Amino acid sequence: MNLDLRIEKHPILEFKRGRKITFQFEGKPVEAYENESIAAALFASGVKVFSRSKRFNNPEGWFCGIGKCSSCLMRVDGIPNVRTCVVPVREAMLVERQGQRAMLPSHSEIHVEREEVNVQVLIIGGGPAGLGAGITAGKLGLGAVIIDENPNPGGQLIKQTHKFFGSQEEYAGLRGFEISEIMYREFKETGGVYLNETSAVGYYGLKADGRHSFIAYRRKQD
Ligand code: FES
């Protein structure tokens with residue numbers, strides 16, 4: 001039987017595991033569930049070393065788990081520096097460690113879609129501040145677009161299982177991941193558009209119709 005270090009029962013979180021899939025890690029098949037992050041699937045299968053430190057070449061495991069450090073960077077389908085702790089695993093992915101220095105991908109390995117976004121309000125970052133700004137803009141009838149590089153909305157909220165304190169208006173008594181779901185739903189109800197796994201790379205000024213023009217790149221889903 002394959003090693004499986006997954007937590008079966010969690011006191012707060014309910015795991016909704018997707019279909020069982022297989023991907024390749026350095027030439028070996030690894031079993032995973034759809035919607036798991038690559039790092040979670042690797043760790044569950046016993047992989048502890050994700051990268052090497054730049055200066056001393058020391059082994060590094062994953063650290064923050066929310067895409068904010070560089071401990072989990074790996075080469076995925078030929079693309080270097082992928083934050084494996086936030087990127088969902090997909091069937092037949094090719095994952096490998098990249099050592100101390102990442103190699104540039106070849107042109108044929110880059111799969112992104114270019115999109116021109118014309119909006120009155122563009123918000124970069126879909127954490128609590130971005131979602132809050134988007135809700136306010138939506139209520140004012142400004143039709144905001146939020147761009148975020150991560151697969152799921154909510155920023156750091158999605159990893160927070162504790163209950164918040166403060167006022168009812170600020171979601172006191174709810175857990176972080178519940179707040180992110182509520183804020184995302186509220187934002188969508190205002191008619192806002194949320195582009196995940198997307199990076200804004202250029203601003204091209206105000207157009208005649210009063211909208212701002214941006215260029216964004218979105219990672220292709222397959
Ligand atoms: S563990 Fe920090 S970015 Fe992935």
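Here, every reference points to the structure presented above.
Computed from a prediction, not measured in an experiment: that's the story for all the values here. Residue numbers run consecutively from 1 along every chain, following the written order of its sequence. Restriction of local features to residues with pLDDT of at least 70 applies here, the model being predicted, together with a cutoff of 80 or more for giving and counting side-chain atom pairs; totals for whole chains, interfaces and linings are based on all residues. For the side-chain quantities, the full set of heavy atoms in the structure was used; hydrogens and water were omitted.

(A) Inspection of the sheet that holds strand β7 (residues 94-96) at higher detail. For two strands to be treated as a pair, DSSP must find no fewer than two bridges joining them. Every helix listed is a DSSP run of H or I at least four residues long, and every strand listed is a run of E at least two residues long, numbered separately from the N terminus. The strand order across the open sheet built from five strands is β2-β1-β7-β5-β6, with neighbouring strands paired in mixed fashion. Of all strands in the sheet, those bounded by a partner on one side alone are β2 (28-33) and β6 (79-83). The mean angle between the axes of side-by-side strands here comes to 40°, regardless of whether they run parallel or antiparallel. Pairing geometry for strand β5 (residues 73-76) and β7, over two bridges, is antiparallel. Each residue of the ladder has a partner; that of Val76, found in β7, is Val95. Each axis is a line fitted through C-alpha atoms, taken for helices only over the stretch in contact, and angles between the N-to-C directions span 0 to 180 degrees.

(B) The side chain of Gln98, seen in detail. Checked against the element boundaries, Gln98 lands in the loop between β7 and β8 (112-119). Any pair of nitrogen or oxygen atoms within 3.5 Å is treated as a polar contact; in protein, a donor-acceptor pairing is required on top of that, and neighbouring residues in sequence qualify only through side-chain atoms on both sides. In this structure the side chain of Gln98 is engaged in a polar contact, spanning 2.8 Å, whose partner is the side chain of Asn81. Not counting residues up to four positions away in its chain, the partners in contact with Gln98 are Leu73, Met74, Arg75, Pro80 and Asn81. We call two residues in contact whenever any of their non-hydrogen atoms come within 4.5 Å of each other.

(C) Quick peek at helix α2 (residues 128-139). Expected span of a helix: the number of residues minus one, times 1.5 Å. Taking 1.5 Å as the rise per residue, α2 with twelve residues should run 16 Å; its terminal C-alpha atoms sit 16 Å apart, in good agreement. Of all the residues in α2, the buried ones are Gly130, Leu131, Gly134, Ile135, Ala137 and Gly138. One side of α2 holds all its buried residues, which, seen down the axis, span an arc of 165°. Relative to its buried face, α2 has exposed residues pointing more than 90 degrees away, namely Ala129 and Lys139. Where α2 is buried, its residues touch β9 (121-124), β10 (144-147), α3 (176-189) and β11 (193-195). A 1.4 Å probe rolled over the protein chains alone gives each residue an accessible area, and that area as a share of the maximum for its type sets the label: buried under 20%, exposed over 50%, partly exposed in between. Picture the helix axis, draw a direction to every C-beta atom, and the arc is the one those directions span.

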